[in-house]
Amino acid sequence: MHIPDGFVSVPVAGATGLASVAALFIAFGRSQEAFGIRRAPILGLTTAFIFAAQMINFPVAGGTSGHLLGGTLAAIVLGSPWAGTLCIATVLIIQAVLFADGGITALGANILNMAVIGVWVGWVLTQTLQRLLGGSKGRLPLASGIAAGLSVVVAAIACAIELALSGTAPVAIVLPAMAGVHILIGIGEGIITGGVLTYLATARPDLLPGEQQEFRGWSIPIVAIFLIAGVLSLFASAWPDGLEKVAENTGFIDLAEKVRVSVPTPLADYSIEGLGPIGTSIAGLVGAAVCFAVAFGIAKVVKPNNA
């Protein structure tokens, strides 16, 4: 759902950019109340994991693929939607700058859709469903999985509205198309989110907020992240993702080629020229490492004053 340059108009890009900057400013401040330096490794690992997981597109119907957005997962693991917003925004910024994934001019829209709307819808729905299911911690993966799937659809609807306001496609066409394909992608999002939380609750409770042990070590999370970024990424589906498929079917895919604001990078499209699959692995590993380093640094900046 990464909007490229050219898909949204200047007014929409400006408005969503301002909204995203405001949201990030508030998130920095509020994270000081909810997130301490003791959990800095968790923010770094979560950010790196979501970056790696987003490299793996899974196939859905009609020659379309999708990938994890991770907003709900980030908010639940970090125990704060504010920290979740910082996590997903970090991933999106690094993807746009280092990998040319998502337009520079559309970065505000992408952050608003995935790091703000996606995170907060997933968080609020999870809390609501948890209460309806009795509040048991054992029901958290189920509640989070359902919420994660629905958050993808809501984020897709927000994206469709931005495209319609930009004059890119009629709302009567782009809204049902985006919502329809992202219902299928949301199912994958829900399964992955629920599965990850089930594993963490049983095997690594130290990576979850609440009544937990101290952080027990780096080896297993780091190995998992590097396997996903460096190995599993090689098996990602080559089919276009939901937004790209809708753009192809609706006829506005060429807009991305007419307007392109690129940052010179040797890692564009998660590859290194001339290295083939090895280049993809290297790009994935570099991206995961950069995401961890930046997020770990953010955790130190936003630590509470008494930490």
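Bear in mind the structure is a predicted one, so any value in this text is a computation, not a measurement. Numbering of residues starts from 1 in every chain and runs along the sequence as written. Totals for whole chains, interfaces and linings use all residues, but because this is a predicted model, local features are given only for residues with pLDDT of at least 70 and pairs of side-chain atoms are given and counted only at 80 or more. To get the side-chain values, all heavy atoms of the structure are used, and hydrogens and water are removed first.

Draft legend 1. Main features of unusual backbone geometry. Look at Asp 269: it is not a glycine, yet its phi comes out positive at around 60°. Numbering goes from the N terminus for both helices and strands, where a helix is a DSSP run of H or I of at least four residues and a strand is a run of E of at least two. Among the secondary structure elements, Asp 269 is positioned in the loop between α10 (255–258) and α11 (277–301). Only protein chains enter the accessibility calculation, which uses a 1.4 Å probe; a residue is then buried when its area is under 20% of its type maximum, exposed when over 50%, and partly exposed in between. What makes Asp 269 exposed here is its relative accessible area of 60%. The backbone of Tyr 270 shows a phi angle near 55°, a positive value even though the residue is not glycine. Positionally, Tyr 270 belongs in the loop between α10 and α11. What makes Tyr 270 buried here is its relative accessible area of 14%.

Draft legend 2. Seen up close, the environment of Gly 103. Structurally, Gly 103 is set in the loop between α4 (81–99) and α5 (107–132). Separated by 154 residues in sequence, Gly 103 and Glu 257 have C-alpha atoms that sit 11 Å apart. Residues are treated as being in contact if the distance between any of their heavy atoms lies within 4.5 Å. Here Gly 103 is in contact with Ile 3, Pro 4, Asp 5 and Asn 110, once residues within four sequence places are set aside.

Draft legend 3. Representation of the packing of helix α8 (residues 219–230) against α11 within the structure. Put simply, α8 and α11 touch, their axes get as near as 7 Å, and they point 140° apart. Comparing the axis directions of α8 and α11 gives the class oblique. Two packed elements cross with a definite hand, and for α8 against α11 that hand is right-handed. Side by side, α8 and α11 meet where Ile 225, Phe 226, Ala 229 and Gly 230 of the first sit next to Thr 280, Ser 281, Gly 284, Leu 285 and Ala 288 of the second. Tallied by class, residues from the contact of α8 with α11 come to 5 nonpolar, 4 polar and no charged. Interaxial angle, 0 to 180 degrees, is taken between N-to-C directions of lines fitted to C-alpha atoms, where a helix line uses only the stretch in contact. Roughly parallel means an angle under 35 degrees; roughly antiparallel, over 145; roughly perpendicular, 65 to 115; everything else is oblique. If you view the pair so one helix is near and one far, a crossing is left-handed when the near helix is turned anticlockwise from the far one by less than a right angle, and right-handed when it is turned clockwise. Note on residue classes: Ala, Val, Leu, Ile, Met, Phe, Trp, Tyr, Cys and Pro are nonpolar, Asp, Glu, Lys and Arg are charged, and everything else, Gly too, is polar.

Draft legend 4. Spatial organisation of the packing of aromatic side chains. Stacked, tilted and edge-to-face pairs are distinguished by plane angle, under 30 degrees for stacked and over 60 for edge-to-face with tilted covering the rest, among Phe, Tyr and Trp rings (Trp via its six-membered ring) whose centres lie within 6.5 Å. For the structure shown, the criterion picks out 7 aromatic pairs. Seen in terms of ring centroids, Phe 51 and Tyr 270 are 6.1 Å apart; in terms of plane orientation they differ by 50°. Their pairing is tilted. Residue Phe 51 is found in helix α2 (residues 40–54), and its partner Tyr 270 is found in the loop between α10 and α11; the two are separated by 219 residues along the sequence. Just as Phe 51 is buried, Tyr 270 falls in that class too. Each residue in the set Phe 51, Phe 99 and Tyr 270 is aromatic and connected to the rest through ring pairs, giving one cluster.

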